[in-house]
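# Results of the structural survey
As a plain string of letters, each chain reads:
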Amino acid sequence: MFVFSATPGFASGDSTDRNSGSGTKEYLVMFEEDSADMSVMKSIGISQSNILYEFELLPVLHVELSETQVNSLENHPQIKTVEENAEAKAYQQQTPWGITRVQGIAAQSQGYTGNNVKVAVLDSGIDRSHPDLSANVRGGYSVFGDSPYNDGNGHGTHVAGTVGAVNNNIGVIGVAPQADLYAVKVLNNSGSGSYAGIAQGIEWSINNGMDIINMSLGGSSSSSILEQYCNLAYNRGLLVVAAAGNSGTAAGNTNTVGYPARYNSVIAVAATNSNNVRGNFSSTGPTVELSAPGVSVLSTTPGGNYASYNGTSMASPHVAGVAAQVWQARPNLSNAQLRQILNASAQNLGSSYQYGNGLVRSLNAIQY
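What you are looking at is a predicted structure, and each value in this text was computed from that prediction instead of being measured. (Residues numbered from 1 in each chain as written. Predicted model: local features only at pLDDT ≥ 70, side-chain atom pairs only at ≥ 80, totals over all residues. Heavy atoms only, no water.)

## Looking at the sheet that holds strand 10 (residues 212-215)
The strand order 8-9-7-10-11-12-13 describes an open sheet built from seven strands, whose pairing is parallel. Looking at the sheet topology across the chains shown, the edges are occupied by strand 8 (137-142) and strand 13 (288-293). Mean inter-strand twist for the sheet, computed between neighbouring axes without regard to direction, equals 25°. Sheet topology places strand 12 (residues 267-272) next to strand 13; five bridges connect them, and they run parallel. Considered in strand 13, the bridge of Ala 270 is made with Ser 291. Sheet strands touched by helix 6 (residues 195-207): strand 7 (118-123), strand 8, strand 9 (180-185) and strand 10. Its angle to strand 7, the strand with the most contacts, is close to 165°. (Pairing = 2+ DSSP bridges. Helix = DSSP H or I, 4+ residues; strand = E, 2+ residues; numbered from the N terminus. Axes fitted to C-alpha atoms, helices over the stretch in contact; angles between N-to-C directions. Contact = heavy atoms within 4.5 Å.)

Have a look at this one:
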């Protein structure tokens, strides 16, 4: 269950001019011939001290030039190319605001990265070739029979990045960057699925030893069989987390939480913005249990890309990631104990009808 509000992917690095001194800049000059002809340089007043480097494999000089000298070289028949030397910067990894807000980075600094905790992402699949996810996607399953559970929609890849995008100096980082991610494809490439498919995905998660199930999906009607599968997973020791839904009203006084989030065995997660205020779309009701960032959430998308989405679908994986961190830190907790601690350590934000017990916080839960 989600609302797309995509923004263009960000640039990881840029190029700027380098100015080496008053009146001159650095350039790369390539000759037409196989070797650099120094007489050409001398003819326009370039001395040896202006030549910073002579390349060996191509007829290229790294040289300081004035604007007049540049014009002379660009018009010279023996010169093929004159390019201003550009500055290259290391690619930078961004920390989405939500990861910090739920204390994900603070917990990581203490060594809690979700290591060895298995998180099943029941969604539209995961682009396992994404550079921010390839190291963490350990396997998966598709109810549609397609292999290898590839994400033709993008939603599942975005959700997975919030749970566990790796810490690799590019792109973004997830809450639990060393968690084991499993792509359980229950939504097709149009982002649609069925309760039967969700139940099948839960069954696979139980049979394959998952620790946490994240379901950023849902519907408006209940199903006794889907509820029993959620209960079965919880009774078998899994923590089950789901998006509360995107059917909220501006007033936030109507019970609009969807299924499976509304079931007692499932943690229903509402969405907040960077001011810790509920997103108007976020569903409300007595079964809302926790809140997490769900507005303008930057994460991974297929093809090595990144985008910002809105929705309780974006909030739910923050809770799943925090749960992975806490379970790594406190592996002897049962799922029921973990759930109680997540709720008890949450930051109160106001009405429980809108925010549940409040904003999930990782380090507070670990230290609770």
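Next comes the rest of the account.
## Digging into the side chain of Ser 282
Among the secondary structure elements, Ser 282 is positioned in the loop between strand 12 and strand 13. Residue Ser 282 is classed as buried on the basis of its relative accessible area, which comes to 0%. A polar atom in the side chain of Ser 282 sits 2.9 Å from the backbone nitrogen of Ala 271. Beyond its immediate stretch of four places on either side in the chain, Ser 282 contacts Gly 245, Gly 248, Ala 270, Ala 271 and Thr 312. (Buried < 20%, exposed > 50% of the residue type's maximum accessible area, 1.4 Å probe, protein only. Polar contact = N/O pair within 3.5 Å; in protein donor to acceptor, adjacent residues only side chain to side chain.)

## What about a nonpolar patch on the surface?
Residues Leu 52, Tyr 53 and Phe 55 make up a contiguous nonpolar surface patch of about 280 Å² in total accessible area. Within the element layout of this structure, Tyr 53 appears in strand 3 (residues 51-54). By relative accessible area, Tyr 53 is classed as partly exposed at 44%. (Patch = residues over 30% accessible without salt bridge, like charges linked within 9 Å, V, L, I, M, F, W, Y side chains within 5 Å. Areas by Shrake-Rupley, 256 points an atom, 1.4 Å probe, with all protein chains shown as cover. Salt bridge = Lys/Arg side-chain N within 4 Å of Asp/Glu carboxyl O.)

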